[in-house]
Each structure stands twice: as C-alpha cells, then as structure tokens.
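# Observations on chain architecture
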Amino acid sequence: MADVDECVEIINFRFKEEGQMTKAELVVKIAEKAGMTKADAERCLNYFLDTVEETLVSEGKLTLTGFGTFQVDERKERVGRNPRTGDEIKIPACKVVKFRPGKLLKDAVK
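Now for a description of the structure that goes with this document. Position numbers for residues start from 1 in each chain and track the written sequence from start to end. In keeping with the model being predicted, local features are shown solely for residues with a pLDDT of at least 70 and side-chain atom pairs are shown and tallied solely at 80 or more, while totals for entire chains, interfaces and linings include all residues. Computation of side-chain values: all heavy atoms of the structure, hydrogens and water removed.

### Focus: the environment of A108
For A108, the position within the fold is in helix α4 (residues 103-109). Only protein chains enter the area calculation, which uses a 1.4 Å probe; residues under 20% of their type maximum are buried, those over 50% are exposed, and those in between are partly exposed. Residue class for A108 comes out exposed when judged on its relative accessible area of 61%. When the C-alpha atoms of A108 and F67 are compared, they prove to be 10.0 Å apart, with 41 residues separating the residues in sequence. Counting from the N terminus, the helices are DSSP H or I runs at least four residues long and the strands are E runs at least two residues long.

Spelled out as structure tokens, the structure:
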C-alpha cells in the first residue's frame with residue numbers, strides 16, 4: 001500500500017470544484033472524528049466503499065436507515081444527439097446507481 005500522504009497528494013492533484021470534498025479530505029475528517037490515524041481511516045473508508053459496491057453488485061440495493069438508499073436501476077436504450085455534430089446516436093442500455101436520501105439526511109441538509 002502506498003504512503004497515505006502520497007495518496008492524498010495524488011487525489012488532490014485532480015481538479016477540485018469549490019464546495020466539493022475530496023476523498024483525501026474525507027479521510028482526514030474521519031481520522032479526526034474517530035481519533036485514529038489517516039491510514040486507518042482510509043482503510044475503513046475503502047472497506048466501506050468496497051462493501052457498498054459488493055452489495056450493489058450482488059443484491060442491487062443497500063439501505064442505510066436515516067441516511068439513504070443506494071439502488072441499481074436499469075436505464076433503457078435511448079436516442080441522443082452528438083453535441084458536436086448534432087447527429088442522432090443510440091445510447092445503449094446500461095445499469096446506473098441511484099441514491100435516494102433518507103429523512104435524517106434530508107432534514108440535516110435543509
């Protein structure tokens with residue numbers, strides 16, 4: 001595993017829009033709140049993300065009560081337009097992950 005500071009540097013190298021948190025910043029916040037090292041916080045976050053991914057692949061839905069629900073949905077094939085040329089193109093069917101926030105999260109954001 002790469003050095004945590006090296007990972008942070010690589011992640012922060014990407015373009016970051018204002019008001020957007022990077023994974024590295026999230027790791028730092030988790031480490032501070034939980035009183036753990038950044039390396040341990042990053043491992044925990046990675047385990048969480050891996051578990052969410054595995055659950056969505058195998059079961060198609062993950063509910064975190066109060067926070068929200070992640071669900072795999074099927075998007076049908078559709079016709080779109082090439083923005084450069086204006087030509088019609090077929091956009092193939094695909095699976096997408098949708099998130100529906102829970103009541104506690106909605107109330108917190110208000």
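### Structural notes on the packing of aromatic side chains
Both the distance between ring centres and the angle between the ring planes are used here to describe each pair of aromatic rings. Centres within 6.5 Å are what make two rings of Phe, Tyr or Trp a pair, Trp counting through its six-membered ring; a difference in plane orientation under 30 degrees is then read as stacked, over 60 as edge-to-face, and the rest as tilted. Taken as a whole and judged by the stated rule, the model has two aromatic pairs. For the pair F70 and F99, a centre-to-centre distance of 4.8 Å together with 50 degrees between the ring planes defines the contact as tilted. Pair noted here: F70 is in strand β2 (residues 68-75) and F99 is in strand β5 (residues 94-101), with a separation of 29 residues, a long-range link. An aromatic cluster of at least three residues, connected via ring pairs, comprises F67, F70 and F99.

### Some words on helix α3 (residues 38-59)
Helices are assigned an expected span. That span is 1.5 Å times one less than the residue count. Helix length check: α3 (22 residues) gives 31 Å between terminal C-alpha atoms against 32 Å at 1.5 Å per residue, within 8%. Buried within α3 we find A41, E42, L45, N46, V52, T55 and L56. Immediately beyond the C-terminal end of α3, within one or two residues, lies G60, with a positive phi of roughly 85 degrees.

### A short note on the sheet that holds strand β1 (residues 61-64)
Taken together, the three strands give an open sheet; going across it, the order is β1-β2-β5, and neighbouring strands pair in antiparallel fashion. Edge positions in the sheet fall to β1 and β5, since each of these pairs with one other strand and no more. The sheet shows a mean angle of 25 degrees between the axes of neighbouring strands, taken without regard to direction. Pairing between two strands is assigned when DSSP locates at least 2 bridges connecting them. As defined by bridge partners, β1 adjoins β2 across four bridges and the pair is classed as antiparallel. Note that in β2 the partner of K61 across the bridge is Q71. Across the sheet, α3 is in contact with β1, β2 and β5; its angle to β1 comes to roughly 130 degrees. Interaxial angles span 0 to 180 degrees and are taken between N-to-C directions of axes, which are lines fitted to C-alpha atoms, for helices over the stretch in contact. In what follows, residue pairs with any heavy atoms lying within 4.5 Å of each other are defined as contacts.

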